[in-house]
Amino acid sequence: MLELSMHERECPSCKQNFYPQSKVVLKTFCGDEQLCIPPGGKYSAPDCKIYYFCSDECVKDFESSVPLCKPVPRWKRLMQRISKVSHAAGIAGARCHQLK
């Protein structure tokens with residue numbers, strides 16, 4: 001019985017718990033901070049993830065709330081974070097390269 005409860009999933013749309021063996025609809029979305037529908041069917045991106053839904057209606061509801069946009073690659077997000085840190089003030093208002 002413990003093994004069956006480990007496979008229990010929660011629908012991201014209606015928050016209902018269900019078992020994938022009984023009913024499941026799979027849909028792939030991309031993005032970490034902001035979910036996007038993958039453009040051109042490119043589901044092989046590393047930040048794409050499979051979501052489990054309990055019914056087709058839940059998939060349609062969830063898809064309607066997800067925008068159609070291009071997902072930002074991870075390396076661009078990393079570079080944006082590095083840029084934010086490099087522009088942030090260092091010790092006592094001095095930047096890292098201004099420290100003596």
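Residues numbered from 1 in each chain as written. Predicted model: local features only at pLDDT ≥ 70, side-chain atom pairs only at ≥ 80, totals over all residues. Heavy atoms only, no water.

(A) Quick look at the nonpolar core. Listed in full, the 11 residues of the largest apolar core are Cys11, Phe18, Phe29, Ile37, Tyr51, Phe53, Cys54, Cys58, Val59, Phe62 and Val66. For this core, the secondary structure elements donating two or more residues are strand S4 (48–53) and helix H2 (56–65). The greatest single-element share of this core, amounting to three residues, is contributed by H2. Setting aside chain neighbours within four positions, we find Phe53 in contact with Cys11, Pro12, Ser13, Phe18, Val24, Val25, Lys27, Phe29, Cys58, Val59 and Phe62. (Core = buried A, V, L, I, M, F, W, Y, C linked by side-chain atoms within 4.5 Å. Buried < 20%, exposed > 50% of the residue type's maximum accessible area, 1.4 Å probe, protein only. Helix = DSSP H or I, 4+ residues; strand = E, 2+ residues; numbered from the N terminus. Contact = heavy atoms within 4.5 Å.)

(B) Here's a closer look at the packing of aromatic side chains. If you walk through the whole model with that rule in mind, you get five aromatic pairs. Relative to Tyr51, the ring of Phe29 has its centre 5.7 Å away and its plane inclined at 65°; by these criteria the two rings are edge-to-face. With a gap of 22 residues between them, Phe29 in strand S3 (residues 25–30) and Tyr51 in strand S4 connect regions that are remote in the sequence. The residues Phe29 and Tyr51 share a single accessibility class, namely buried. Geometrically, the ring pair formed by Tyr51 and Phe62 is tilted, given 6.3 Å between the ring centres and 35° between the ring planes. Placement of Tyr51 in strand S4 and of Phe62 in helix H2 is noted, with a sequence separation of 11 residues between them. Judged by its relative accessible area of 13%, Phe62 is buried. Site record: aromatic cluster; members linked through ring pairs are Phe29, Tyr51, Phe53 and Phe62. We note Arg9 situated over the ring of Tyr52; from NZ or CZ to the ring centre the distance is 4.0 Å. (Phe/Tyr/Trp six-rings, centres within 6.5 Å; stacked < 30°, edge-to-face > 60°. Lys NZ or Arg CZ within 6 Å of the ring centre and 35° of its normal.)

So yeah, pure geometry; function would need other evidence.
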